[in-house]
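# Close look at the chain arrangement
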Amino acid sequence: MAATDVTIQLTPQPLTAERFAPFGELVSARGKPIMINNGTTERYHNLAQVTLGDAPQAGQGIISIFRAEPRLLPMPITMMERHPLGSQAFLPASAEPYLILVCLSKTVDGEEQPDPATLTLFYAEGAGINYKANCWHHPLLALNQISDFWIVDRLGPGNNLQEFFFPERWDISIHLAD
Ligand SMILES: NC(=O)N[C@@H](O)C(=O)O
Ligand code: NI
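Residues numbered from 1 in each chain as written. Chains lettered and ligands numbered in written order. Predicted model: local features only at pLDDT ≥ 70, side-chain atom pairs only at ≥ 80, totals over all residues. Heavy atoms only, no water.

### Quick notes on the coordination of the nickel ion (ligand 2)
Threshold: Only nitrogen, oxygen and sulfur atoms within 2.8 Å of the metal, or 3.2 Å for Na, K and Ca, are treated as donors, and water is left out, so sites may look incomplete. A helix here means a DSSP run of H or I that spans at least four residues, while a strand means a run of E at least two residues long, and both kinds are numbered starting from the N terminus. Exposure is judged per residue with a 1.4 Å probe applied to protein chains only, and the accessible area is read against the type maximum: over 50% gives exposed, under 20% gives buried, and values in between give partly exposed.
Binding of the nickel ion (ligand 2) to the protein goes through Glu 81 (OE), His 83 (NE2), Gln 88 (OE1) and His 137 (NE2), at separations of 2.1 to 2.2 Å. Linear spacing of the donor residues for the nickel ion (ligand 2) on their chain is E-x1-H-x4-Q-x48-H. In this pair, Glu 81 is assigned in strand β8 (residues 79-82) and His 137 in strand β15 (residues 136-137), connecting sequence segments 56 residues apart. Taking relative accessible area as the criterion, Glu 81 reaches 9% and is therefore assigned buried.

### Side note on the environment of Ser 94
Test applied: Whether two residues are in contact is decided by their heavy atoms: any pair within 4.5 Å suffices. Pairs of N or O atoms within 3.5 Å make up the polar contacts considered here, provided that, within protein, one atom can donate a hydrogen while the other can accept it, and that residues adjacent in sequence are counted only when both atoms are side-chain atoms.
Relative to the helices and strands, Ser 94 resides in the loop between β9 (88-92) and β10 (98-103). Each C-alpha atom, one on Ser 94 and one on Gly 126, is 7.4 Å from the other, the two residues being 32 residues apart in sequence. With residues up to four places along the chain from it excluded, the contact list for Ser 94 reads Ser 147 and Asp 148. At 3.1 Å, the side chain of Ser 94 and the backbone nitrogen of Glu 96 are in polar contact.

### A word on the packing of aromatic side chains
The line we're drawing: For Phe, Tyr and Trp, rings pair up if their centres lie within 6.5 Å, where Trp contributes its six-membered ring, and each pair is then called stacked (planes under 30 degrees apart), edge-to-face (over 60) or tilted (otherwise).
Tallied over the full model, the rule gives eight aromatic pairs. Both rings, one in Phe 20 and one in Tyr 131, keep their centres 6.2 Å apart while their planes meet at 45 degrees; by these two values the pair is tilted. Remark: Tyr 131 occurs in strand β14 (residues 128-131) and Phe 20 occurs in helix α1 (residues 17-20); sequence separation between them is 111 residues. Each member of the pair, Phe 20 as well as Tyr 131, is classed as buried. Relative to Phe 90, the ring of Phe 66 lies with its centre 5.7 Å away and its plane at 80 degrees, an arrangement referred to as edge-to-face. Here the residue Phe 66 occupies a position in strand β6 (residues 60-68), and Phe 90 occupies one in strand β9, the gap between them amounting to 24 residues.

### Considerations on the site of ligand 1
The condition is simple: Nearness is judged by heavy atoms alone; a residue qualifies as near a molecule or strand once a single heavy atom is within 4 Å of it. Only the protein chains shown count as covering a residue, and every accessible area follows the Shrake-Rupley method with a 1.4 Å probe. Three classes are used, and their members are as follows: Ala, Val, Leu, Ile, Met, Phe, Trp, Tyr, Cys and Pro are nonpolar, Asp, Glu, Lys and Arg are charged, and the others, Gly among them, are polar.
Around ligand 1, the neighbouring residues are Phe 66, Glu 81, His 83, Gln 88, Phe 90, His 137, Pro 139 and Leu 140. For ligand 1, an oxygen atom lies 3.1 Å from a polar atom in the side chain of His 137. Within the backbone of Leu 140, one N or O atom sits 3.1 Å away from an oxygen atom of ligand 1. Burial of ligand 1 by the surrounding chains reaches 73%, relative to a free accessible area of 270 Å². Class assignment for the residues of the shell around ligand 1 results in four nonpolar, three polar and one charged.

Written as structure tokens, this is what we have:
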């Protein structure tokens, strides 16, 4: 086992639009709705925007379903990823909570990589999120039981997945608060 020179134990904080703003938008029925359909429906309008990169590589927005196995905690965090060419939205199809791990970027030797000092873990219950393009995030972290999420992200040319694997001597883990 390599010696550990970075130890980070993350516990979740509640997800709010303000706290998530540096990473993207919260998708929930919040703010003042527009009454539509002859007053029978509240439209919570333009909660988030789909980013598709620049023409001619724009591609298209697609809708998928992720059926995610629950994660067992505590769990090690060995990598982060991001999508340079488009946003990615996770809209929970159940009331099951899930975790969101994000961080800001820093430049090391001219290369952008996740900044571990800004790793932020959110506990989400009911609300969806839309990651900005290029937002460092951990792949989906479902909890408790197999959970479906509706995904809105980009399909198109170019490489839209950048992964960064932390050094083995870093010990980063996520825990549910005691
Ligand atoms: N790779 C993939 O489709 N999923 C990830 O992007 C993720 O954020 O879960
Ligand atoms: Ni992703």
